[in-house]
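# Understanding the architecture of this molecule
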Amino acid sequence: MQIKEILKQAPEGQQVTVKGWVKTKRGQANIVFININDGSALKNIQAVVEAGKIDEELLKTVTTGAAVAVTGSLVASSGSGQAVEVMAEKIEVYGPADETFPIQPKKHSLEFLREKAHLRFRTNVFGAVFRIRHTLAYAVHKFYHEQGFFYLHTPIITASDAEGAGEMFHVSTFEPNKAPLTETGEIDFTQDFFGRETALTVSGQLEGELGALALSRIYTFGPTFRAENSNTSRHLAEFWMIEPEVAFFELEDNMNLAESFVKYVIRYALEHCYEDLEFLQNRLMEEEKQKPQNERSELALIDKLKFVVENDFERLTYTEAIDILLKSRPAQKKQFQYDVAWGIDLQSEHERYLVEKHFKKPVILTNYPRDIKAFYMKQDDDLNGAPGPTVRAMDVLFPGIGEIIGGSQREDSYDKLLARVKEVGIDPENIWWYLETRKFGSAPHAGFGLGFERLVLFVTGMTNIRDVIPFPRTPKNAEF
Ligand code: ATP
Ligand code: MN
(Lines give C-alpha, C1' and ligand atoms only; values in the text may rest on other atoms or scores of the structure.)
(Ligands and ions follow the chains in the order given, each with its own letter.)
Protein backbone atom coordinates (compact mmCIF):
# COMPACT_ATOMS: atom_id res chain seq x y z
CA MET A 1 0.00 0.00 0.00
CA GLN A 2 1.20 3.51 -0.76
CA ILE A 3 1.87 5.82 2.17
CA LYS A 4 -0.79 8.20 0.87
CA GLU A 5 -3.36 5.40 1.35
CA ILE A 6 -2.06 4.28 4.74
CA LEU A 7 -2.29 7.86 6.03
CA LYS A 8 -6.00 7.84 5.21
CA GLN A 9 -6.75 4.72 7.25
CA ALA A 10 -8.37 4.74 10.66
CA PRO A 11 -5.78 3.68 13.26
CA GLU A 12 -7.11 0.47 14.76
CA GLY A 13 -3.88 -1.28 15.53
CA GLN A 14 -3.96 -3.12 12.19
CA GLN A 15 -0.73 -4.47 10.69
CA VAL A 16 0.72 -2.37 7.89
CA THR A 17 3.93 -2.43 5.93
CA VAL A 18 5.36 0.89 4.86
CA LYS A 19 7.95 0.98 2.08
CA GLY A 20 9.86 4.11 1.19
CA TRP A 21 12.96 6.21 1.75
CA VAL A 22 14.03 7.60 5.10
CA LYS A 23 13.73 11.36 5.28
CA THR A 24 14.86 11.86 8.85
CA LYS A 25 15.63 9.89 11.97
CA ARG A 26 15.48 11.45 15.40
CA GLY A 27 16.57 9.54 18.44
CA GLN A 28 15.94 9.85 22.10
CA ALA A 29 17.01 7.54 24.90
CA ASN A 30 14.21 5.01 24.62
CA ILE A 31 12.54 5.88 21.42
CA VAL A 32 13.43 6.62 17.80
CA PHE A 33 11.24 8.39 15.22
CA ILE A 34 11.75 7.66 11.54
CA ASN A 35 10.06 9.69 8.84
CA ILE A 36 9.46 7.76 5.64
CA ASN A 37 8.31 9.00 2.26
CA ASP A 38 7.48 6.99 -0.87
CA GLY A 39 6.71 9.89 -3.20
CA SER A 40 2.99 9.05 -3.37
CA ALA A 41 2.31 12.32 -1.60
CA LEU A 42 4.10 15.13 0.15
CA LYS A 43 3.37 13.75 3.59
CA ASN A 44 5.70 11.33 5.33
CA ILE A 45 4.59 8.60 7.64
CA GLN A 46 6.26 8.36 11.02
CA ALA A 47 7.51 5.04 12.30
CA VAL A 48 8.12 4.78 16.04
CA VAL A 49 10.77 2.39 17.35
CA GLU A 50 10.65 1.65 21.03
CA ALA A 51 13.81 0.50 22.81
CA GLY A 52 14.57 -3.17 22.34
CA LYS A 53 12.04 -3.72 19.54
CA ILE A 54 14.57 -3.57 16.70
CA ASP A 55 18.13 -4.82 16.64
CA GLU A 56 20.50 -1.93 17.46
CA GLU A 57 22.95 -2.70 14.63
CA LEU A 58 20.15 -2.81 12.08
CA LEU A 59 18.67 0.43 13.37
CA LYS A 60 22.04 2.14 12.84
CA THR A 61 21.74 1.50 9.09
CA VAL A 62 18.36 3.25 8.96
CA THR A 63 19.67 6.65 7.93
CA THR A 64 18.52 9.51 5.71
CA GLY A 65 18.21 8.24 2.15
CA ALA A 66 18.01 4.52 2.97
CA ALA A 67 15.25 2.43 1.35
CA VAL A 68 13.34 0.53 3.99
CA ALA A 69 10.25 -1.52 4.77
CA VAL A 70 8.75 -1.06 8.21
CA THR A 71 6.08 -3.42 9.48
CA GLY A 72 4.02 -2.76 12.55
CA SER A 73 0.65 -1.67 13.84
CA LEU A 74 -1.05 1.55 12.75
CA VAL A 75 -2.00 3.61 15.77
CA ALA A 76 -3.21 7.10 16.51
CA SER A 77 -0.24 9.40 16.89
CA SER A 78 0.28 11.12 20.19
CA GLY A 79 2.62 13.66 18.62
CA SER A 80 1.42 16.68 16.70
CA GLY A 81 1.75 16.88 12.93
CA GLN A 82 0.33 13.51 12.04
CA ALA A 83 -2.85 11.60 12.79
CA VAL A 84 -1.42 8.11 12.56
CA GLU A 85 1.93 6.41 12.96
CA VAL A 86 3.42 2.94 12.74
CA MET A 87 4.70 1.16 15.86
CA ALA A 88 7.63 -0.67 14.30
CA GLU A 89 7.96 -4.39 14.92
CA LYS A 90 10.15 -5.29 12.00
CA ILE A 91 12.43 -3.26 9.73
CA GLU A 92 14.06 -4.38 6.53
CA VAL A 93 16.75 -2.20 4.95
CA TYR A 94 16.74 -2.73 1.19
CA GLY A 95 19.47 -0.24 0.46
CA PRO A 96 21.39 1.80 3.01
CA ALA A 97 22.65 5.32 2.29
CA ASP A 98 25.71 6.68 4.05
CA GLU A 99 26.46 10.23 5.10
CA THR A 100 27.65 11.11 1.57
CA PHE A 101 24.02 10.98 0.38
CA PRO A 102 23.66 14.53 -0.98
CA ILE A 103 20.03 15.13 -0.04
CA GLN A 104 20.44 15.53 3.69
CA PRO A 105 17.56 17.05 5.67
CA LYS A 106 18.40 20.70 5.21
CA LYS A 107 17.65 23.34 2.63
CA HIS A 108 19.36 22.83 -0.71
CA SER A 109 19.43 25.39 -3.50
CA LEU A 110 17.71 24.50 -6.77
CA GLU A 111 21.04 25.05 -8.54
CA PHE A 112 22.70 22.47 -6.31
CA LEU A 113 19.85 20.05 -6.93
CA ARG A 114 20.18 20.49 -10.71
CA GLU A 115 23.67 19.02 -10.35
CA LYS A 116 22.11 16.11 -8.47
CA ALA A 117 19.26 15.65 -10.93
CA HIS A 118 19.43 11.87 -10.44
CA LEU A 119 18.47 12.25 -6.78
CA ARG A 120 16.50 15.48 -6.71
CA PHE A 121 13.23 13.56 -7.05
CA ARG A 122 13.68 12.63 -3.39
CA THR A 123 13.19 16.21 -2.22
CA ASN A 124 9.85 17.68 -1.22
CA VAL A 125 10.08 20.37 -3.87
CA PHE A 126 10.68 18.06 -6.80
CA GLY A 127 8.21 15.51 -5.49
CA ALA A 128 5.58 18.25 -5.50
CA VAL A 129 6.58 19.60 -8.93
CA PHE A 130 6.47 16.22 -10.64
CA ARG A 131 3.21 15.15 -9.01
CA ILE A 132 1.70 18.41 -10.27
CA ARG A 133 3.26 17.90 -13.70
CA HIS A 134 1.65 14.48 -13.91
CA THR A 135 -1.73 15.82 -12.84
CA LEU A 136 -1.58 18.59 -15.44
CA ALA A 137 -0.69 16.09 -18.17
CA TYR A 138 -3.61 13.93 -17.14
CA ALA A 139 -5.92 16.97 -17.15
CA VAL A 140 -4.77 17.86 -20.67
CA HIS A 141 -5.91 14.49 -22.00
CA LYS A 142 -9.08 14.62 -19.95
CA PHE A 143 -10.02 18.05 -21.30
CA TYR A 144 -9.52 17.17 -24.94
CA HIS A 145 -11.16 13.79 -24.61
CA GLU A 146 -14.23 15.39 -23.04
CA GLN A 147 -14.35 17.94 -25.88
CA GLY A 148 -14.37 15.26 -28.57
CA PHE A 149 -10.75 15.60 -29.66
CA PHE A 150 -8.59 12.70 -30.79
CA TYR A 151 -5.00 12.35 -29.61
CA LEU A 152 -2.95 12.16 -32.80
CA HIS A 153 0.68 11.06 -32.62
CA THR A 154 2.60 13.20 -35.05
CA PRO A 155 6.12 12.16 -35.99
CA ILE A 156 9.22 13.05 -34.01
CA ILE A 157 11.51 12.62 -37.00
CA THR A 158 10.45 14.87 -39.82
CA ALA A 159 11.64 16.26 -43.13
CA SER A 160 9.72 19.52 -42.80
CA ASP A 161 10.70 22.59 -40.84
CA ALA A 162 7.33 23.85 -39.59
CA GLU A 163 8.51 27.14 -38.20
CA GLY A 164 10.95 27.80 -41.00
CA ALA A 165 13.41 28.86 -38.33
CA GLY A 166 16.01 26.25 -39.15
CA GLU A 167 16.82 25.64 -35.51
CA MET A 168 16.65 21.89 -35.86
CA PHE A 169 18.61 18.88 -34.63
CA HIS A 170 19.65 16.75 -37.56
CA VAL A 171 18.83 13.06 -37.59
CA SER A 172 21.28 10.99 -39.56
CA THR A 173 23.05 7.65 -39.43
CA PHE A 174 26.13 9.03 -41.14
CA GLU A 175 29.34 9.12 -39.16
CA PRO A 176 30.03 12.85 -38.74
CA ASN A 177 33.31 12.82 -40.65
CA LYS A 178 32.45 10.05 -43.12
CA ALA A 179 29.28 11.37 -44.73
CA PRO A 180 29.25 10.70 -48.49
CA LEU A 181 29.46 13.81 -50.62
CA THR A 182 27.84 14.78 -53.89
CA GLU A 183 29.87 15.87 -56.89
CA THR A 184 29.51 19.46 -55.73
CA GLY A 185 30.87 18.64 -52.30
CA GLU A 186 27.64 18.72 -50.29
CA ILE A 187 26.51 15.93 -48.00
CA ASP A 188 24.63 13.37 -50.07
CA PHE A 189 21.51 12.75 -48.02
CA THR A 190 20.06 10.44 -50.67
CA GLN A 191 22.41 7.85 -49.18
CA ASP A 192 21.27 8.55 -45.62
CA PHE A 193 18.81 6.40 -43.68
CA PHE A 194 15.66 8.13 -44.91
CA GLY A 195 17.10 9.05 -48.29
CA ARG A 196 16.69 12.72 -47.48
CA GLU A 197 17.62 15.29 -44.90
CA THR A 198 15.67 14.79 -41.67
CA ALA A 199 15.54 16.39 -38.23
CA LEU A 200 13.76 16.24 -34.89
CA THR A 201 10.43 18.02 -35.09
CA VAL A 202 9.97 21.62 -33.91
CA SER A 203 6.17 21.27 -34.01
CA GLY A 204 3.57 18.67 -34.88
CA GLN A 205 1.33 21.28 -36.40
CA LEU A 206 1.66 20.65 -40.12
CA GLU A 207 0.92 16.97 -39.64
CA GLY A 208 -1.75 17.85 -37.08
CA GLU A 209 -3.55 19.92 -39.72
CA LEU A 210 -3.78 16.85 -41.96
CA GLY A 211 -5.51 15.01 -39.13
CA ALA A 212 -7.87 17.90 -38.33
CA LEU A 213 -8.96 18.13 -41.96
CA ALA A 214 -10.51 14.68 -41.57
CA LEU A 215 -11.09 13.97 -37.86
CA SER A 216 -12.15 17.59 -37.25
CA ARG A 217 -10.69 17.85 -33.76
CA ILE A 218 -7.25 16.51 -32.94
CA TYR A 219 -4.50 17.35 -30.53
CA THR A 220 -0.91 16.29 -30.18
CA PHE A 221 1.06 16.09 -26.96
CA GLY A 222 4.63 15.14 -27.57
CA PRO A 223 8.29 16.01 -27.39
CA THR A 224 9.45 18.96 -29.44
CA PHE A 225 13.00 20.04 -30.17
CA ARG A 226 14.61 23.36 -30.85
CA ALA A 227 18.32 23.85 -31.30
CA GLU A 228 18.05 27.52 -30.46
CA ASN A 229 21.00 28.57 -28.41
CA SER A 230 18.94 30.62 -25.99
CA ASN A 231 20.11 29.97 -22.49
CA THR A 232 17.09 31.44 -20.74
CA SER A 233 14.90 30.32 -17.87
CA ARG A 234 12.03 29.84 -20.39
CA HIS A 235 13.67 27.75 -23.11
CA LEU A 236 14.59 24.09 -23.36
CA ALA A 237 16.12 22.26 -26.30
CA GLU A 238 13.68 19.41 -25.67
CA PHE A 239 10.23 20.28 -24.39
CA TRP A 240 6.68 18.99 -24.59
CA MET A 241 4.07 20.73 -26.62
CA ILE A 242 0.31 20.36 -26.78
CA GLU A 243 -1.10 21.31 -30.15
CA PRO A 244 -4.83 21.18 -30.78
CA GLU A 245 -5.97 21.69 -34.37
CA VAL A 246 -9.63 22.13 -35.23
CA ALA A 247 -11.49 22.15 -38.52
CA PHE A 248 -14.16 24.83 -39.00
CA PHE A 249 -12.61 26.96 -36.25
CA GLU A 250 -11.79 30.60 -36.80
CA LEU A 251 -9.57 32.85 -34.72
CA GLU A 252 -12.27 33.68 -32.19
CA ASP A 253 -13.07 29.99 -31.59
CA ASN A 254 -9.37 29.34 -31.23
CA MET A 255 -9.07 31.99 -28.50
CA ASN A 256 -12.06 30.55 -26.68
CA LEU A 257 -10.55 27.08 -26.84
CA ALA A 258 -7.18 28.27 -25.55
CA GLU A 259 -8.73 30.16 -22.66
CA SER A 260 -11.06 27.40 -21.55
CA PHE A 261 -8.30 24.80 -21.92
CA VAL A 262 -5.80 26.64 -19.75
CA LYS A 263 -8.44 27.41 -17.14
CA TYR A 264 -9.60 23.80 -17.06
CA VAL A 265 -6.17 22.33 -16.40
CA ILE A 266 -5.29 24.94 -13.77
CA ARG A 267 -8.61 24.33 -12.01
CA TYR A 268 -7.91 20.60 -12.14
CA ALA A 269 -4.55 21.12 -10.46
CA LEU A 270 -6.14 23.31 -7.78
CA GLU A 271 -8.65 20.57 -7.06
CA HIS A 272 -6.23 17.65 -7.09
CA CYS A 273 -2.86 19.01 -5.97
CA TYR A 274 -3.82 21.35 -3.19
CA GLU A 275 -1.37 19.97 -0.66
CA ASP A 276 1.58 20.19 -3.06
CA LEU A 277 0.55 23.67 -4.20
CA GLU A 278 0.32 24.84 -0.62
CA PHE A 279 3.81 23.49 0.04
CA LEU A 280 5.22 25.31 -3.01
CA GLN A 281 3.35 28.45 -2.02
CA ASN A 282 4.94 28.43 1.43
CA ARG A 283 8.32 27.86 -0.08
CA LEU A 284 7.81 30.82 -2.41
CA MET A 285 6.71 33.03 0.46
CA GLU A 286 9.94 32.25 2.27
CA GLU A 287 11.87 33.25 -0.85
CA GLU A 288 9.82 36.41 -1.32
CA LYS A 289 10.84 37.56 2.12
CA GLN A 290 14.43 37.80 0.88
CA LYS A 291 13.41 40.18 -1.91
CA PRO A 292 12.98 43.94 -1.68
CA GLN A 293 9.35 45.02 -1.14
CA ASN A 294 8.78 46.33 -4.68
CA GLU A 295 9.88 43.06 -6.28
CA ARG A 296 7.58 40.86 -4.26
CA SER A 297 4.61 39.39 -6.09
CA GLU A 298 1.25 40.78 -5.18
CA LEU A 299 -0.55 37.46 -5.02
CA ALA A 300 0.37 34.22 -3.33
CA LEU A 301 0.62 31.21 -5.65
CA ILE A 302 -2.82 29.74 -5.02
CA ASP A 303 -4.55 33.11 -5.23
CA LYS A 304 -2.73 33.77 -8.48
CA LEU A 305 -4.01 30.49 -9.94
CA LYS A 306 -7.55 31.19 -8.74
CA PHE A 307 -7.37 34.66 -10.24
CA VAL A 308 -6.50 33.23 -13.66
CA VAL A 309 -9.30 30.67 -13.48
CA GLU A 310 -11.92 33.20 -12.39
CA ASN A 311 -11.19 36.14 -14.70
CA ASP A 312 -11.55 36.69 -18.43
CA PHE A 313 -8.30 37.02 -20.34
CA GLU A 314 -7.81 40.44 -21.89
CA ARG A 315 -8.09 40.30 -25.69
CA LEU A 316 -6.63 42.94 -27.98
CA THR A 317 -4.86 43.27 -31.28
CA TYR A 318 -1.14 43.62 -31.73
CA THR A 319 -1.75 47.11 -33.12
CA GLU A 320 -3.65 48.13 -29.97
CA ALA A 321 -0.87 46.66 -27.83
CA ILE A 322 1.75 48.69 -29.69
CA ASP A 323 -0.28 51.84 -28.99
CA ILE A 324 -0.40 51.02 -25.28
CA LEU A 325 3.33 50.31 -25.24
CA LEU A 326 4.17 53.53 -27.09
CA LYS A 327 2.24 55.52 -24.50
CA SER A 328 3.64 53.58 -21.55
CA ARG A 329 5.89 55.07 -18.90
CA PRO A 330 8.88 52.84 -19.69
CA ALA A 331 8.67 53.80 -23.39
CA GLN A 332 8.38 57.51 -22.59
CA LYS A 333 11.29 57.26 -20.16
CA LYS A 334 13.32 55.11 -22.56
CA GLN A 335 13.46 52.26 -20.06
CA PHE A 336 12.76 49.46 -22.52
CA GLN A 337 15.90 47.83 -23.82
CA TYR A 338 14.24 47.35 -27.24
CA ASP A 339 12.42 50.22 -28.95
CA VAL A 340 8.72 49.88 -29.61
CA ALA A 341 7.38 50.40 -33.14
CA TRP A 342 4.69 48.79 -35.25
CA GLY A 343 6.23 45.75 -36.89
CA ILE A 344 8.60 44.66 -34.16
CA ASP A 345 8.51 41.21 -32.68
CA LEU A 346 7.50 41.93 -29.08
CA GLN A 347 10.30 41.27 -26.62
CA SER A 348 9.59 39.66 -23.32
CA GLU A 349 9.97 43.04 -21.55
CA HIS A 350 7.07 44.35 -23.68
CA GLU A 351 4.93 41.29 -23.12
CA ARG A 352 5.54 41.44 -19.40
CA TYR A 353 4.69 45.13 -19.24
CA LEU A 354 1.31 44.46 -20.85
CA VAL A 355 0.52 41.48 -18.66
CA GLU A 356 2.04 42.41 -15.33
CA LYS A 357 1.80 46.19 -15.25
CA HIS A 358 -0.92 47.31 -17.62
CA PHE A 359 -3.65 44.66 -17.54
CA LYS A 360 -2.51 42.61 -14.54
CA LYS A 361 -4.03 39.48 -16.04
CA PRO A 362 -3.41 37.04 -18.90
CA VAL A 363 -3.61 38.66 -22.31
CA ILE A 364 -4.41 37.32 -25.77
CA LEU A 365 -2.79 39.36 -28.52
CA THR A 366 -4.09 38.88 -32.05
CA ASN A 367 -3.54 39.98 -35.65
CA TYR A 368 0.23 40.31 -35.69
CA PRO A 369 2.21 41.69 -38.62
CA ARG A 370 2.54 39.08 -41.30
CA ASP A 371 6.29 39.52 -41.60
CA ILE A 372 7.07 38.33 -38.08
CA LYS A 373 4.84 35.25 -38.18
CA ALA A 374 5.00 31.83 -39.82
CA PHE A 375 3.96 31.28 -43.43
CA TYR A 376 0.88 29.18 -42.65
CA MET A 377 -1.09 31.88 -40.83
CA LYS A 378 -4.22 33.21 -42.51
CA GLN A 379 -3.86 36.65 -44.02
CA ASP A 380 -6.21 39.37 -42.82
CA ASP A 381 -8.02 41.44 -45.40
CA ASP A 382 -7.75 45.17 -45.18
CA LEU A 383 -10.84 47.40 -45.16
CA ASN A 384 -11.17 47.17 -48.94
CA GLY A 385 -10.95 43.40 -48.99
CA ALA A 386 -7.39 43.39 -50.32
CA PRO A 387 -4.67 41.46 -48.43
CA GLY A 388 -3.73 43.43 -45.31
CA PRO A 389 -0.45 43.64 -43.42
CA THR A 390 -1.52 41.32 -40.59
CA VAL A 391 -2.34 37.65 -40.07
CA ARG A 392 -4.82 35.87 -37.82
CA ALA A 393 -2.29 34.99 -35.18
CA MET A 394 -2.86 34.83 -31.46
CA ASP A 395 -0.39 34.63 -28.61
CA VAL A 396 -1.46 34.06 -25.03
CA LEU A 397 0.78 35.90 -22.56
CA PHE A 398 0.99 34.99 -18.90
CA PRO A 399 2.34 36.89 -15.91
CA GLY A 400 5.86 35.86 -15.02
CA ILE A 401 6.14 33.71 -18.14
CA GLY A 402 5.47 35.79 -21.23
CA GLU A 403 4.29 33.72 -24.18
CA ILE A 404 2.69 30.47 -23.07
CA ILE A 405 0.66 29.79 -26.23
CA GLY A 406 1.23 30.68 -29.86
CA GLY A 407 -1.38 29.93 -32.46
CA SER A 408 -3.43 31.10 -35.42
CA GLN A 409 -6.14 30.49 -37.90
CA ARG A 410 -4.44 28.78 -40.84
CA GLU A 411 -4.35 29.97 -44.41
CA ASP A 412 -6.92 27.82 -46.21
CA SER A 413 -6.62 29.34 -49.67
CA TYR A 414 -4.34 27.28 -51.90
CA ASP A 415 -3.23 30.25 -53.97
CA LYS A 416 -2.44 32.50 -51.03
CA LEU A 417 -0.62 29.74 -49.18
CA LEU A 418 1.46 28.80 -52.21
CA ALA A 419 2.37 32.43 -52.80
CA ARG A 420 3.43 32.81 -49.19
CA VAL A 421 5.45 29.59 -49.22
CA LYS A 422 7.41 30.82 -52.22
CA GLU A 423 7.77 34.27 -50.72
CA VAL A 424 9.46 32.96 -47.57
CA GLY A 425 11.71 30.72 -49.61
CA ILE A 426 10.32 27.26 -48.87
CA ASP A 427 10.48 24.81 -51.75
CA PRO A 428 6.82 23.88 -52.40
CA GLU A 429 8.02 20.41 -53.41
CA ASN A 430 9.09 19.78 -49.81
CA ILE A 431 5.58 20.26 -48.44
CA TRP A 432 3.50 19.20 -51.43
CA TRP A 433 1.38 17.05 -49.11
CA TYR A 434 0.57 20.03 -46.89
CA LEU A 435 -0.37 22.17 -49.88
CA GLU A 436 -2.65 19.45 -51.26
CA THR A 437 -4.97 19.71 -48.26
CA ARG A 438 -5.87 23.16 -49.62
CA LYS A 439 -6.67 21.63 -53.00
CA PHE A 440 -9.00 18.91 -51.79
CA GLY A 441 -11.75 19.96 -49.40
CA SER A 442 -9.94 22.85 -47.79
CA ALA A 443 -11.79 24.32 -44.82
CA PRO A 444 -11.25 27.08 -42.30
CA HIS A 445 -9.25 25.71 -39.41
CA ALA A 446 -7.19 26.91 -36.49
CA GLY A 447 -4.96 25.68 -33.71
CA PHE A 448 -2.22 26.56 -31.30
CA GLY A 449 0.76 25.25 -29.38
CA LEU A 450 1.06 25.35 -25.61
CA GLY A 451 4.50 24.76 -24.17
CA PHE A 452 3.78 22.25 -21.43
CA GLU A 453 6.76 23.24 -19.28
CA ARG A 454 5.74 26.90 -19.36
CA LEU A 455 2.35 25.82 -18.01
CA VAL A 456 4.01 23.75 -15.28
CA LEU A 457 6.23 26.73 -14.46
CA PHE A 458 3.20 28.93 -14.01
CA VAL A 459 1.23 26.46 -11.92
CA THR A 460 4.10 25.48 -9.62
CA GLY A 461 5.45 29.01 -9.29
CA MET A 462 8.93 27.71 -10.10
CA THR A 463 11.08 30.23 -11.92
CA ASN A 464 13.46 28.16 -14.02
CA ILE A 465 12.17 25.83 -16.72
CA ARG A 466 14.98 23.38 -15.88
CA ASP A 467 13.19 22.65 -12.62
CA VAL A 468 9.87 21.53 -14.08
CA ILE A 469 11.05 18.84 -16.52
CA PRO A 470 12.62 15.69 -15.08
CA PHE A 471 15.66 15.72 -17.35
CA PRO A 472 16.32 19.18 -18.82
CA ARG A 473 18.07 19.46 -22.16
CA THR A 474 19.72 22.84 -22.60
CA PRO A 475 22.85 24.10 -24.38
CA LYS A 476 25.89 22.16 -23.08
CA ASN A 477 23.76 20.06 -20.79
CA ALA A 478 22.49 16.52 -21.31
CA GLU A 479 24.18 14.77 -18.42
CA PHE A 480 21.31 12.91 -16.87
P1 ATP B 1 9.46 32.15 -27.71
O2 ATP B 1 9.20 33.39 -28.49
O3 ATP B 1 9.08 32.24 -26.27
O4 ATP B 1 10.81 31.57 -27.93
P5 ATP B 1 8.15 30.83 -29.87
O6 ATP B 1 7.31 31.93 -30.38
O7 ATP B 1 9.39 30.46 -30.56
O8 ATP B 1 8.45 31.06 -28.31
P9 ATP B 1 6.20 28.88 -30.75
O10 ATP B 1 6.91 28.44 -31.95
O11 ATP B 1 5.03 29.79 -30.91
O12 ATP B 1 7.24 29.52 -29.71
O13 ATP B 1 5.82 27.59 -29.86
C14 ATP B 1 4.59 27.46 -29.17
C15 ATP B 1 4.80 27.41 -27.68
O16 ATP B 1 5.82 26.47 -27.32
C17 ATP B 1 5.28 28.70 -27.07
O18 ATP B 1 4.21 29.56 -26.84
C19 ATP B 1 5.94 28.25 -25.79
O20 ATP B 1 4.98 28.01 -24.77
C21 ATP B 1 6.53 26.92 -26.17
N22 ATP B 1 7.96 26.98 -26.49
C23 ATP B 1 8.54 27.45 -27.62
N24 ATP B 1 9.87 27.31 -27.59
C25 ATP B 1 10.16 26.71 -26.41
C26 ATP B 1 11.38 26.27 -25.80
N27 ATP B 1 12.56 26.41 -26.41
N28 ATP B 1 11.30 25.68 -24.57
C29 ATP B 1 10.11 25.54 -23.95
N30 ATP B 1 8.92 25.92 -24.48
C31 ATP B 1 8.94 26.51 -25.69
MN1 MN C 1 5.15 31.96 -30.69
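See the structure above.
Overview of the structure. Please read all numbers here as calculations on a predicted model, not as lab measurements.

## Quick word on the pairing of strand E16 (residues 402-409)
Buried residues dominate E16, accounting for 6 of its 8 residues. Where strand E15 (residues 387-398) meets E16, 6 bridges bridge the pair, whose relative direction is antiparallel. Across the sheet, methionine 394 pairs through a bridge with glycine 407, a residue of E16. What sits between the antiparallel neighbours E15 and E16 is a turn of 3 residues, in which glycine 400 has the positive phi angle 80°. Taken together, the 5 bridges between E16 and strand E17 (residues 445-451) define a ladder with antiparallel strand orientation. Each residue of the ladder has a partner; that of glutamine 409, found in E17, is alanine 446.

## Here's the deal with the site of ligand 1
Surrounding ligand 1, one finds 16 residues, the nearest of these being Glu228, His235, Glu403, Ile404 and Arg454. Within the side chain of glutamate 228, one N or O atom sits 2.8 Å away from a nitrogen atom of ligand 1. Here an oxygen atom of ligand 1 and a side-chain polar atom of arginine 454 are 2.8 Å apart. Notes on ligand 1: free accessible area 580 Å², of which the protein chains cover 81%. For the shell around ligand 1, the secondary structure elements donating two or more residues are strand E11 (238-247), E16 and E17. Split into classes, the residues belonging to the shell around ligand 1 amount to 6 nonpolar, 4 polar and 6 charged.

About the cut-offs
Residues numbered from 1 in each chain as written. Chains lettered and ligands numbered in written order. Predicted model: local features only at pLDDT ≥ 70, side-chain atom pairs only at ≥ 80, totals over all residues. Heavy atoms only, no water. Buried < 20%, exposed > 50% of the residue type's maximum accessible area, 1.4 Å probe, protein only. Helix = DSSP H or I, 4+ residues; strand = E, 2+ residues; numbered from the N terminus. Pairing = 2+ DSSP bridges. Near = heavy atom within 4 Å. Polar contact = N/O pair within 3.5 Å; in protein donor to acceptor, adjacent residues only side chain to side chain. Areas by Shrake-Rupley, 256 points an atom, 1.4 Å probe, with all protein chains shown as cover. Nonpolar A, V, L, I, M, F, W, Y, C, P; charged D, E, K, R; others polar.

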